[in-house]
Amino acid sequence: MVDSGPLYAYVDEDDRHHHACLDLLATYQGPLVVPTLVVTEVAYLIETRLGPVAEVRFLGDLAAGAFTTDPVASSDWLRIAELVWEYRDLPLGTVDASVVTTGERLRIREVATLDRRHFSVVRPTHTSTFELLP
């Protein structure tokens, strides 16, 4: 599963994590699942920081099937709210909580993220911890 940080970094060639994230996303064996709330966050960040050319390139990668988007299921919203409340001191936030919830629902253990602070603290229900990449 992919969080916002690696998606933004692979688009932004000036990001210090660009090469590591580009390499991970290009070589990862298996589907790269991206929760739709992550897509929204990344598109906003790209549009406001890098402009429409970079945003269109990102959208083109989505359209080409580089990533598997996963919508928020109606049953996910309550779990997202529980996580936001439980980890309010971080604060976790809705987008990161949606990554955790998607991982729980799909039983995904690996998360591509640059947000080690949040994802090393959160305890998902299906595994003791997430394996954080890169």
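Above this text you will find the structure in question.
Residues numbered from 1 in each chain as written. Predicted model: local features only at pLDDT ≥ 70, side-chain atom pairs only at ≥ 80, totals over all residues. Heavy atoms only, no water.

1. Here we look at the overall build of the protein chain
Step number 1: For the protein chain, the count of helices and strands is seven helices and four strands.
Step number 2: Walking the protein chain from its N terminus toward its C terminus, one meets helices and strands in the order α-α-β-α-α-β-α-α-β-α-β.
Step number 3: The C-alpha atoms of the protein chain give a radius of gyration of 14 Å, which matches the 14 Å a tight globule of 134 residues would have.
Step number 4: Once the C-alpha set of the protein chain is aligned to its principal axes, its extents read approximately 40 × 25 × 25 Å.
Step number 5: Within the protein chain, the proportion of its 134 residues that are buried is 47%. (Helix = DSSP H or I, 4+ residues; strand = E, 2+ residues; numbered from the N terminus. Rg over C-alpha atoms; globule rule 2.2 N^0.38 Å. Buried < 20%, exposed > 50% of the residue type's maximum accessible area, 1.4 Å probe, protein only.)

2. What about the packing of helix α3 (residues 36–49) against helix α4 (residues 52–63)?
Step number 1: Running from amino to carboxyl end, α3 crosses α4 at an angle of 155 degrees, the nearest separation of the two axes being 8 Å. Taken together, the axis directions place α3 and α4 in an arrangement best described as roughly antiparallel. Note that α3 runs across α4; the crossing there is right-handed. Contacts from Val39, Val42, Ala43, Ile46 and Glu47 in α3 reach Ala54, Glu55, Phe58 and Leu62 in α4.
Step number 2: In the contact of α3 with α4, the residues fall into seven nonpolar, no polar and two charged. (Axes fitted to C-alpha atoms, helices over the stretch in contact; angles between N-to-C directions. Parallel < 35°, antiparallel > 145°, perpendicular 65-115°, else oblique. Left-handed = near helix turned anticlockwise from the far one by under 90°. Contact = heavy atoms within 4.5 Å. Nonpolar A, V, L, I, M, F, W, Y, C, P; charged D, E, K, R; others polar.)

3. Quick look at unusual backbone geometry
Step number 1: The residue after Leu90, namely Pro91, is reached through a cis peptide bond having omega -15 degrees.
Step number 2: Looking at the element boundaries, Pro91 is found in the loop between α5 (76–86) and α6 (94–106).
Step number 3: That bond from Leu133 to Pro134 is cis: its omega, -10 degrees, falls within 30 degrees of zero.
Step number 4: Examined against the element boundaries, Pro134 turns out to sit in the segment after β4 (131–133).
Step number 5: The phi dihedral of Arg107 falls on the positive side, at around 60 degrees, and the residue is not glycine.

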